[in-house]
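Structural overview for review
The residues making up each chain are set out below.
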Amino acid sequence: MITSEKIFKRISKILNSQLFGVLATQGSKYPYTSLVGIANTSNYSELIFATPRGSRKYQNLTKSTHVSILVDTRLNEISDIMEAEALTALGSAIEVPEQQWKDCANVFLSKHPNLKEFIETPQCSLVKITVDKYILVDHFQNVTEIDVK
């Protein structure tokens, strides 16, 4: 039997080992996807990414906060069909409030120290996703869902 603890260990391993995820926001007509650098809080209930305020993803977030983000372990090899894991996080995204900015910036920079200058520019926004649910897919079609809240 797979316990929540085992699932969260796998989620932890994926989130801690991967630098990037594919963010899906709702565009005016179609969903819009973007590659973003991600970092996670210690309890995995929040994910953080940075984006320019002039970007399409930021504009989409001002209209709808509902997002999903896909993080995976693929190596672009045939073996990925059975060995790669894909983790989808479903939740709501908001710009990090000023009073939380320093803490969230530290979380983000611990994983992406090379983006320090970028996140400190006035046009950059740190965005926090509050995760409601994770969906983990492994062995091609084994699907496990876990509510975070």
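Our subject in this report is the structure included herewith. This is a predicted model, so every value here is computed, not measured.

Here we look at the nonpolar core
- Leu 15, Leu 47, Ile 69, Ile 129 and Tyr 134 are the most contacted members of the largest nonpolar core, which has 23 residues in total.
- Of all the secondary-structure elements, those providing two or more residues to this core are helix H1 (4–17), strand S4 (46–52), strand S5 (66–72), strand S6 (86–95) and strand S7 (124–138).
- Sort the elements by how many residues they give to this core and S7 lands first, with 5 residues.
- Counting 11 residues, the second-largest nonpolar core is a separate cluster that includes Val 96, Cys 104, Ile 119 and Leu 126.

A look at unusual backbone geometry
- Phi angles above zero are rare outside glycine, and Tyr 44 is one such case at about 65 degrees.
- Mapped onto the secondary structure, Tyr 44 falls in the loop between strand S3 (39–40) and S4.
- Relative accessible area serves as the criterion here: at 13%, Tyr 44 is assigned to the buried category.
- Although it is not a glycine, Asn 76 sits at a positive phi angle of roughly 65 degrees.
- Positionally, Asn 76 belongs in the loop between S5 and helix H3 (80–83).
- Among the residues examined, Asn 76 registers a relative accessible area of 73% and is labelled exposed.

Overview of the pairing of strand S2 (residues 31–37)
- When strand S1 (residues 20–26) meets S2, the two strands line up antiparallel, connected through 7 bridges. Following the sheet pairing, Gln 26 is matched in S2 by Pro 31.
- As consecutive antiparallel partners, S1 and S2 are separated by 4 residues.

Side note on the side chain of Asn 60
- Assignment of secondary structure puts Asn 60 in helix H2 (residues 56–63).
- Other than its neighbours up to four places away in sequence, Asn 60 contacts Thr 25, Gln 26, Gly 27 and Tyr 32.

Scoring rules and cut-offs
- Residues numbered from 1 in each chain as written.
- Predicted model: local features only at pLDDT ≥ 70, side-chain atom pairs only at ≥ 80, totals over all residues.
- Heavy atoms only, no water.
- Core = buried A, V, L, I, M, F, W, Y, C linked by side-chain atoms within 4.5 Å.
- Buried < 20%, exposed > 50% of the residue type's maximum accessible area, 1.4 Å probe, protein only.
- Helix = DSSP H or I, 4+ residues; strand = E, 2+ residues; numbered from the N terminus.
- Pairing = 2+ DSSP bridges.
- Contact = heavy atoms within 4.5 Å.

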